[in-house]
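Residues per chain, in single letters:
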Amino acid sequence: MSRAEPRGRASPVDPRLLRYAAGARRHLLVAAGIGVATTLLVLVQAFAVTELVVRPFAGQTGSAALRGPLLLLAVVVACRAGLAVAGEVAAHRAAATVKSELRRGLLAHVVALGPSWLGRQRAGELATLVTRGTDALDGYFARYLPALVTAALVPAAVVAVVSTQNPLSGLIVAATLPLVPVFAVLVGMATRARTARQWHTLAALGGHFLDVVEGLPTLVVFRRAKAQAATIREVSDSHRRATMSTLRLAFLSSAVLELVATLSVALVAVSIGLRLLGGGLDLRTGLVVLVLTPEAYWPLRQVGAHFHDSVEGLAAAREVFAVLDTPLSPGGARPARPAPDLRRTTIRLQGVQVRYDRAKAALGPVEASIAPGELVGLVGPSGSGKSTLLAVLLGFLAPTAGRVVLETPDGPVDLAEVDPDDWRAQIAWVPQQPWLAPASLAENLRLARAQASDDELVEALTQAGAGPLLARLPDGLGTVLGERGAGLSAGERQRVALARAFLRRAPLVLLDEASAHLDEGTESVVAAAVRGLAGRHTVVVVAHRPALLQGVDRLVVLSAADPAAARTGAVRGERAEPAPGGGPDRGAAA
Amino acid sequence: MSSAPNPRPPGARPGDTRRPPATARPGDTRRLLATARPTARLGVGALAGAAALLAGVGLTATAAWLIARAAQAPGVLTLTVAIVAVRFFGIARPVLRYLERLLSHDAALRVLAEARARVYDRLVPLAPARLGGQRRGDLLARLVADVDSVQDLQLRILEPVAVAVLVSAGCLGLVAWLLPSAAVVLGVGLLLAGVAAPLAAGATARASEARLAGARARLSTEVVDLVRGAGDLIAMGAAPARLARIGERDLELTRIAHRAALAAGLGAGLASLAVGATVWGSALVGAGAVRSGRISGVLLAVVVLVPLAAFECLAPLPQAAVLLTRVRRSAARLFELLDATPAVHAPAAPVPLPEAPYPLLLRGVRARWTEGAPLVLDGVDLDLPPGRRVGIVGASGAGKSTLVAVLLRFLDVEAGQVSLAGVDTAELDPDELRRVVGLVADDAHIFGSTLRENLRLARPVAGDAELLAALRRAHLGGWYAGLPAGLDTWLGEGGSQLSGGECRRVALARALLANTPVLVLDEPTEGLDGQTARALVADLLDAASGRTVVLVTHRPEGLDLVEEIHQLRAGRLWPVSRREMGGGFPVGGRDR
């Protein structure tokens, strides 16, 4: 029982599994080959076993008479054991390979989907999906698929062989075999209808214990903890009764399956016995048919027994597919146009708007332009979309309305057409809460520029006001920063991120000032760093405090993006302010 | 098992990579079994299962006899009994099997109900201090899954083993009666397939699980890093290099799985070989017996064909062996948690609750979570006269949650004193203290139940009018008006989803209903944006007017609304002037 509502009958092989995992395609071929070989061996074994009974029965007990069938049976047994090993190994390896393919495909897709999509996921859940979420595929590959392949081959082969030996028995088997899936489907449908009716009851009752245990601290606060054990017994009992009423029906499916199988064997045995009695058949034929008949039903029973592996395996795969099927961009294809040189490009935002859902706009609409070399301040109340605007500039988010036009010397280009990696190669970004890898300070800095020398790292740290930090660290640049950069204060983390921005030497710097408390020291360091960058780069700074706004060439004011604003269609314009510290070459070109 | 609903509750996800697996000890599995208290039904179920499989063996044996005997062309009357027996076994097998599954599932669900109730009783004294800190949600979900493993133990381990033993004994008895030397062959084959193969499967699973655990943890860490740092990594163009590194970790995992595949294959081959070799050996021994006249050719057919049916009872055993390693770990994890010493010791003869008013005084309070752990509170003094509003701030890890735990008596103090109206709270029944001190926790649980039940938890006797009043005071009047089913609206799991702010407000309404003179607000603004956060704190304080309020937070919002602020640092409280806390609000984010 999964968390999801019960759905319609799923195909036993999800076509997406074959599409996303080449290993699954290969394995289907291997499994089919092993299935064919197994089928042949099953048939040969039946004849060999029959000879071993019939010859002594006829008085041929000498070793000469038995040597042939004994040798044949020994070879068959050895081959079947060998095939069992090969089948199991192939299945487990296929499962491992497919899981690896899915995991790597999943991660590559997740990265391609970008931070704005990732921001809405839980890191832990995604990690669980990647590491263990696909484990249910083990049972699918190791047990269900082989059973399915065998079920497709063995019954047909058995019917064919039995028919050549004794047409009546062949008819009995051929007539009863289809009853198995027919009854399975009928009972399955009835069970599903019933489960669907009871779904909410079953889910509520089944989840009760977890709910109570998770709420235990709350129960303690309200002094209700001790009273719950009786309720747990009561609810578990209701759950048992509801479950059993479903199971009584569900188990009928396999009961019918077995009844068809055993009754058919009985029917075949009795009819052969009577024919033998009448002399219309010899013992050899009778025994071959008797040995082979159960083999026709056995694979179908195996499929039924491993049905759960299929359901769980495909459910696990579907969780992965749900992510893999998330389209990368509305257009589908990845834009490939090379990015224009940002040192000679003005970025113009034309009615840019972002909304995650219909009710509320996360940003805009915004009209603004950012000319090369400008220092642009971005202000607005919490929730007005300042960080969202930076995400749009980074290409993490596509505007839901409006566009970002790059005015190059060769004419305008829409940002949506530009290769995002090429575009971001010209941007340095200092987010509100910079991420630091659990690695050395040097490794963290070199994420910004892999080939930077140690001297350059130290210089960047100094420029970012992190000189004292470097001096304090026990192993200098080699100091390993803890998980999530613990051990550094928020201000220090911001300085490391600033150093990265300096190292990156990118034409456009996007700086998202932390709204959390930065100590006074960091605040002035950041302000100084921004002024240091501003001379040589285009800088867009999200500022919460006035210190950072001194000397801006241009101020973009965002107001709260609320439905009312969107309705009136008010243009959230930019307000060019006199640039007190701006040189004559950095005029406000509004 | 086509479409049989698995009686595991939804939400109990089997995969949690973060908690290191506890070391399995065999004793724990026995204790798990004892907790479950198996019922007689389970035995009846196993008997039915064995009878079903023996009916299958009977079907093969009688059919073989029938055909071989018929070849000798005796009279029809000679065969009548065999014909009836063949038909009887053909019907008995599926019927018995159906009964077995119903009986054993019913028994397993009964056992589970009992196990859950007993585990719950043992959890109560441990809550909440011993039930994990940050990762409490994971821990408890894991715990529920671990308790559920008692079902696997019954249904997929104990019962198949019992059935296998009974059926093997039955088959051996039958063959021994016909031809003792063939019984020896069958016995060896059964031991090989029923003991050696499952043991090998179990050992392989244990070994590869242990190796996989490490590789998985390393991969998981990398993935979490990638997800958390995706923005920075992509912006710096460093994501492809990261993906390549994760690909290497992934290959490590795949290599381990490939090695384990060979071992699994050998186990399967061993089982297949055992069946084939037994048939081969039976035919050899049987032919010799026919030659020496010990058995007839008719019985030879039975001796050779019975092994084919007998081995069916061993099929679930390798799976059972693999499952056993998992159940052992579940049991070990469960008892590791349940065996923890409670963090609070209720006095044997508690002092009755004093009369109102309730000034609360902390003097030199020292506290730590477990023995040997570092002191988190080291000399905390705090005066809470009735009606006072106090803010407690501090960096994460400074001990704010510990202080809350001490105030609510989730944790006993190691030294110092907490006194309520002059009485040492250590002398009170903890539940009595919680009549006076209430809590709105950041992770207050909304139960999968109706809004009415969620609220009445705090005050079972409250009428609807009271509930509505509490909702209005928690500023949920507008929200309530939009609810389709009013107080009968289903909340929590499977119900309507509440936003973070609505959750806190429902929790507040609940706390207001409990009507405690002292109210602790623990991180009420966690996860809310600045404006929402401040509005919430303002509403919380407004609704709690007249009570003593302790606002514990690491965020600035709402601190301008309390009368005094203390900072928790180095295990002590330090007074903070409002000026130090000022500033830093987002531009335009202040509405006064």
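Heads up: the structure comes first, above all this text.
Nothing here was measured: the structure is a model prediction, and the numbers come from that model.

A. Molecular detail of the nonpolar core. Counting residues in hydrophobic clusters, the biggest one holds 225 residues, and the most contacted among them are Leu17, Phe141, Leu292, Ile347, Trp423, Leu441 and Leu445 of chain A. Setting aside residues no more than four positions away along its own chain, Phe141 of chain A makes contact with Leu17, Ala24, His27, Ala91, Ala94, Ala95, Val98 and Pro146 of chain A. Among the nonpolar cores identified, the runner-up in size contains 118 residues, and Ala225 of chain A together with Ala343, Leu498 and Leu541 of chain B belong to it.

B. Local environment of the pattern of salt bridges. Counted according to the given criterion, the structure contains 56 salt bridges over all chains. Close ionic contact of Asp232 of chain B with Arg500 of chain A constitutes a salt bridge, the shortest N to O distance being 3.7 Å. In this pair, Asp232 of chain B is assigned in helix H6 (residues 230-235) and Arg500 of chain A in helix H18 (residues 490-504), connecting two distinct chains. Like Asp232 of chain B, the residue Arg500 of chain A is buried in the burial classification. In this structure, Asp148 of chain B engages Arg116 of chain B in a salt bridge whose closest nitrogen and oxygen atoms are separated by 3.2 Å. Of this pair, Asp148 of chain B sits in helix H4 (residues 136-178) while Arg116 of chain B sits in helix H3 (residues 76-123), and the two are 32 residues apart along the sequence. Arg116 of chain B carries the same exposure label as Asp148 of chain B, and that label is buried.

C. Geometry of the sheet that holds strand E2 (residues 377-384) of chain B. Residue and element names in this part refer to chain B. With antiparallel pairing, the four strands of this open sheet are ordered in space as E2-E1-E4-E5. Unpaired on one side and paired on the other, E2 and strand E5 (423-424) mark the two borders of the sheet. Summarising the sheet, strand E4 (residues 415-420) and E5 pair through two bridges and their orientation is antiparallel. Note on E5: the bridge partner recorded for Leu420 is Val423. Where helix H10 (residues 400-407) meets the sheet, it contacts strand E1 (360-367), E2 and E4, and its direction lies at approximately 125° from that of E1.

D. Quick peek at the interface of chain A and chain B. Each partner contributes residues to the interface: chain A has 134 residues there, and chain B has 149 residues. In total, chain A and chain B occlude about 12,700 Å² of area from one another, counting both sides; carbon and sulfur atoms represent 70% of this. Among the ionic pairs, Asp250 of chain B bridges to Arg103 of chain A, the shortest N-O distance being 2.6 Å. The tally of links from chain A across to chain B stands at 23 residue pairs in polar contact (both at pLDDT 80 or more). For the side of chain A that touches chain B, the element with the most residues is helix H10 (residues 228-278) of chain A, which contributes 31 residues. Across the side of chain A that touches chain B, the residue classes break down as 75 nonpolar, 32 polar and 27 charged.

E. Inspection of the packing of aromatic side chains at higher detail. Per the counting criterion, the structure on display carries four aromatic pairs over all chains. Ring centres 5.4 Å apart and planes at 90° place the aromatic pair Tyr140 of chain A and Phe141 of chain A in the edge-to-face group. Phe141 of chain A sits in the buried class, given a relative accessible area of 0%. An aromatic cluster of at least three residues, connected via ring pairs, comprises Tyr140, Phe141 and Tyr144 of chain A. The ring of Phe251 of chain A has Arg101 of chain B sitting right over it, with the charged end atom 4.1 Å from the ring centre.

F. Spatial organisation of H10 of chain B. Residues and elements named next belong to chain B. Counting buried residues along H10, seven of its eight residues qualify, which places the element largely inside the surrounding structure. Turning to H10, its buried residues are Lys400, Thr402, Leu403, Val404, Ala405, Val406 and Leu407. Backbone geometry just after H10 places Arg409 at a positive phi near 60°.

G. Spatial organisation of the environment of Pro468 of chain A. Residues and elements named next belong to chain A. Residue position: Pro468 is located in helix H17 (residues 467-472). Take Pro468: its relative accessible area is 59%, and that puts it in the exposed class. Separated by 250 residues in the primary sequence, Pro468 and Thr218 place their C-alpha atoms 46 Å from one another.

About the criteria used
Residues numbered from 1 in each chain as written. Chains lettered and ligands numbered in written order. Predicted model: local features only at pLDDT ≥ 70, side-chain atom pairs only at ≥ 80, totals over all residues. Heavy atoms only, no water. Core = buried A, V, L, I, M, F, W, Y, C linked by side-chain atoms within 4.5 Å. Buried < 20%, exposed > 50% of the residue type's maximum accessible area, 1.4 Å probe, protein only. Contact = heavy atoms within 4.5 Å. Salt bridge = Lys/Arg side-chain N within 4 Å of Asp/Glu carboxyl O. Helix = DSSP H or I, 4+ residues; strand = E, 2+ residues; numbered from the N terminus. Pairing = 2+ DSSP bridges. Axes fitted to C-alpha atoms, helices over the stretch in contact; angles between N-to-C directions. Buried area = accessible area lost by both parts, 1.4 Å probe. Polar contact = N/O pair within 3.5 Å; in protein donor to acceptor, adjacent residues only side chain to side chain. Nonpolar A, V, L, I, M, F, W, Y, C, P; charged D, E, K, R; others polar. Phe/Tyr/Trp six-rings, centres within 6.5 Å; stacked < 30°, edge-to-face > 60°. Lys NZ or Arg CZ within 6 Å of the ring centre and 35° of its normal.

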